Amino acid sequence: MFKIVTKRVLSAVNKLMEIEAPLVARKARPGQFIILRVRENGERIPLTVADSSKERGTITIIFQEIGKTTKELGSLQEGDYLSDFVGPLGRPMELPSSGRVVAVGGGVGIAPIYPKVKAFYDAGLEVISIIGARTADLLILEDEMRAVSSELHICTDDGTKGHHGFVSDLLQPLLDDTSKKIDEIIAVGPLPMMRVVAEQTRPYGVKTLVSLNPIMVDGTGMCGCCRVTVGGETKFSCVDGPVFDAHQVDFAELTRRSRTYLDKEKIALEKFEHECRCGGEK
Ligand code: NAD
Ligand code: FES
């Protein structure tokens, strides 16, 4: 059993939890993820390690309450326990040895990009960060991102904070600025955003990475659920990724696959919300 030692509400839909998991914390590195189960026989969900502390023996996760399991997770309180917490999984991200990196985080994707930006910054790289959300109230980790970025640019879809528009709008002038060479771009967020960024940077020939979160089950390369085509080859996101070369990812296929269980997820969420309203067993 894994204790929730801290819980913070980041926005109307995003929550942060610090989980006591010393063995995972001892090995976790930026770019890796965990798989948790709220309770026995529950759904397994992958979440990026947003932060880790060897000293405290904890892993921080940030999640959006979007489906049944994330809502169930969000209903737990400090002092409650998760039944399973497995990791660290996936390949740690490789750090460039020097240069200028642009990090693009969209919505809840700001959570998985934060530890990568922190690692870049701690390694002495210049990090220009762009973060965006639908509206100001949904923008998460602004202070944390500012603390580990050389420059921070903010946007919202409705203009309630920063630039009025998408993260890709803010990336464009950086790509066009020939006085500042960009060595690497990393983008994490919803699939449409990562796909747009990949197409946007392709003509400039700038190395661009994305962190994918396809459907996962075992997280160990056995079930094949997380397969993604990269450079014409089948890769398993859980063991070969989750970070891949954005220009090689088949986003059309990935988008189709990510919709496979939408109807079942909707039914499970409706059932869970009905049970909560009736005070029944979750
Ligand atoms: P969202 O739809 O609110 O988008 C967040 C931001 O991304 C927007 O404010 C905008 O700046 C940018 N964006 C979105 N669509 C864009 C487009 N077509 N072109 C350019 N920019 C665009 O995102 P959200 O609701 O916070 O996130 C939910 C999604 O994120 C889910 O689909 C989830 O699967 C995904 N997600 C991905 C990861 C990952 O590791 N890649 C992790 C967690 C969640
Ligand atoms: Fe099963 Fe990746 S989640 S192979």
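Refer to the preceding data block for the structure.
Residues numbered from 1 in each chain as written. Chains lettered and ligands numbered in written order. Predicted model: local features only at pLDDT ≥ 70, side-chain atom pairs only at ≥ 80, totals over all residues. Heavy atoms only, no water.

A. Quick look at the overall build of the chain. A tally of regular secondary structure across the chain gives 9 helices and 17 strands. Principal axes of the C-alpha set define a box for the chain whose edges measure 60 × 40 × 40 Å. A burial count over the chain gives 50% of its 282 residues as buried. Accessible surface for the chain amounts to roughly 13600 Å². Of this, 50% is attributable to carbon and sulfur atoms. Side-chain charges in the chain split into 36 positive and 39 negative, and the spacing between the mean points of these groups amounts to 3 Å. (Helix = DSSP H or I, 4+ residues; strand = E, 2+ residues; numbered from the N terminus. Buried < 20%, exposed > 50% of the residue type's maximum accessible area, 1.4 Å probe, protein only. Areas by Shrake-Rupley, 256 points an atom, 1.4 Å probe, with all protein chains shown as cover. Lys, Arg positive; Asp, Glu negative; His and termini not counted. Charge placed at Lys NZ, Arg CZ, Asp CG, Glu CD.)

B. Up close: empty space enclosed by the protein. Evaluation of the coordinates by the stated rule reveals 2 cavities of 30 Å³ or more. Within this model, the largest cavity holds a volume of roughly 40 Å³. Lining of the largest cavity is provided by Pro-214, Ile-215, Cys-225, Arg-227, Leu-254, Arg-257 and Ser-258. Looking at the lining of the largest cavity, the element that brings in the most residues is helix α8 (residues 251–258), giving 3 residues. As for the second largest cavity, its lining consists of Arg-100, Val-102, Ile-128, Leu-174, Asp-177, Lys-180 and Ile-182. Residues that form the lining of the second largest cavity fall into these classes: 4 nonpolar, no polar and 3 charged. (1 Å grid on protein atoms, 1.4 Å probe; cavity = no way out; pocket = protein on both sides within 12 Å on 5 of 7 lines; lining within 4 Å. Points joined across faces, edges and corners; volume = space filled by probe spheres on them. Nonpolar A, V, L, I, M, F, W, Y, C, P; charged D, E, K, R; others polar.)

C. Representation of helix α6 (residues 191–201) within the structure. Every buried residue belonging to α6 is among Leu-191, Met-193, Met-194, Val-197, Ala-198, Gln-200 and Thr-201, and all of these are buried. If you follow the buried residues of α6, they end up packed against β9 (100–106), α5 (167–176), β13 (184–188), β14 (208–211) and α8. (Contact = heavy atoms within 4.5 Å.)

D. A look at the site of ligand 1. Neighbouring ligand 1 are 21 residues, the closest being Val-108, Ala-133, Arg-134, Asp-157 and Ser-211. At 2.7 Å from an oxygen atom of ligand 1 is found a side-chain nitrogen or oxygen belonging to Arg-134. Backbone polar atom of Val-167 to an oxygen atom of ligand 1: 3.1 Å apart, as the coordinates give it. The fraction of the free accessible surface of ligand 1 (860 Å²) that becomes covered by protein chains is 79%. At the level of secondary structure, the elements contributing two or more residues to the shell around ligand 1 comprise β10 (126–133), α5 and α6. At 4 residues, α6 tops the list of elements feeding residues into the shell around ligand 1. Partitioned by chemical class, the residues of the shell around ligand 1 number 11 nonpolar, 8 polar and 2 charged. (Near = heavy atom within 4 Å. Polar contact = N/O pair within 3.5 Å; in protein donor to acceptor, adjacent residues only side chain to side chain.)

E. How the structure looks around the packing of α5 against α6. At a closest axis distance of 11 Å, the pairing of α5 and α6 adopts a crossing angle of 20 degrees. Looking at the two axes, α5 sits roughly parallel to α6. Between α5 and α6 lies a crossing of right-handed hand. Taking contact as the criterion, the partners of Val-167, Ser-168, Leu-171, Gln-172 and Leu-175 in α5 are, on α6, Met-193, Val-196, Val-197, Gln-200 and Thr-201. (Axes fitted to C-alpha atoms, helices over the stretch in contact; angles between N-to-C directions. Parallel < 35°, antiparallel > 145°, perpendicular 65-115°, else oblique. Left-handed = near helix turned anticlockwise from the far one by under 90°.)

F. Main features of the sheet that holds strand β5 (residues 51–53). Taken in spatial order, the 5 strands make up an open sheet running β5-β6-β2-β1-β7, and their pairing is antiparallel. Only two strands of the sheet have a single neighbouring strand rather than two, namely β5 and β7 (81–82). With 2 bridges connecting them, strand β1 (residues 2–9) and β7 associate as antiparallel partners. Paired with Phe-2 across the bridge in β7 is Leu-82. (Pairing = 2+ DSSP bridges.)

G. Layout of unusual backbone geometry. Geometrically, the link from Gly-87 to Pro-88 is a cis peptide bond, its omega value of -5 degrees lying close to zero. The residue after Gly-241, namely Pro-242, is reached through a cis peptide bond having omega 15 degrees. Topologically, Pro-242 is positioned in the loop between α7 (237–240) and β17 (243–245). Even without glycine at this site, Leu-141 takes up a positive phi of about 60 degrees.

H. Representation of the environment of Gln-77 within the structure. Checked against the element boundaries, Gln-77 lands in the loop between α2 (68–74) and β7. Remark: the alpha-carbon pair of Gln-77 and Lys-3, spanning 74 residues in sequence, is separated by 9.8 Å. Among all residues touching Gln-77, those that are not within four sequence positions of it are Ile-4 and Lys-7. Polar contacts involving the side chain of Gln-77 include one to the main-chain carbonyl oxygen of Ser-75, which spans 3.2 Å.

I. Main features of the nonpolar core. Within the largest apolar cluster, 29 residues are counted, with the highest numbers of intra-cluster contacts made by Ile-62, Leu-141, Met-145 and Ile-186. Going through the elements one at a time, β9, α3 (110–122), β10, β11 (151–156) and β13 are the ones with two or more residues in this core. Element by element, the count of residues in this core is highest for α3, at 6 residues. Discounting chain neighbours no more than four positions away, the residues touching Ile-186 are Met-93, Val-102, Ala-103, Val-104, Ile-113, Lys-116, Phe-120 and Leu-209. (Core = buried A, V, L, I, M, F, W, Y, C linked by side-chain atoms within 4.5 Å.)

J. Representation of the packing of α6 against α8 within the structure. Two elements in contact, α6 and α8, have axes whose closest approach is 11 Å; the angle formed by their N-to-C orientations is 180 degrees. Judged by the inter-axis angle, α6 sits roughly antiparallel to α8. Residue-level inspection shows Leu-191, Met-194, Arg-195 and Ala-198 of α6 in contact with α8, the latter providing Phe-251, Ala-252, Leu-254, Thr-255 and Ser-258. A breakdown of the residues in the contact of α6 with α8 according to their chemical character gives 6 nonpolar, 2 polar and 1 charged.

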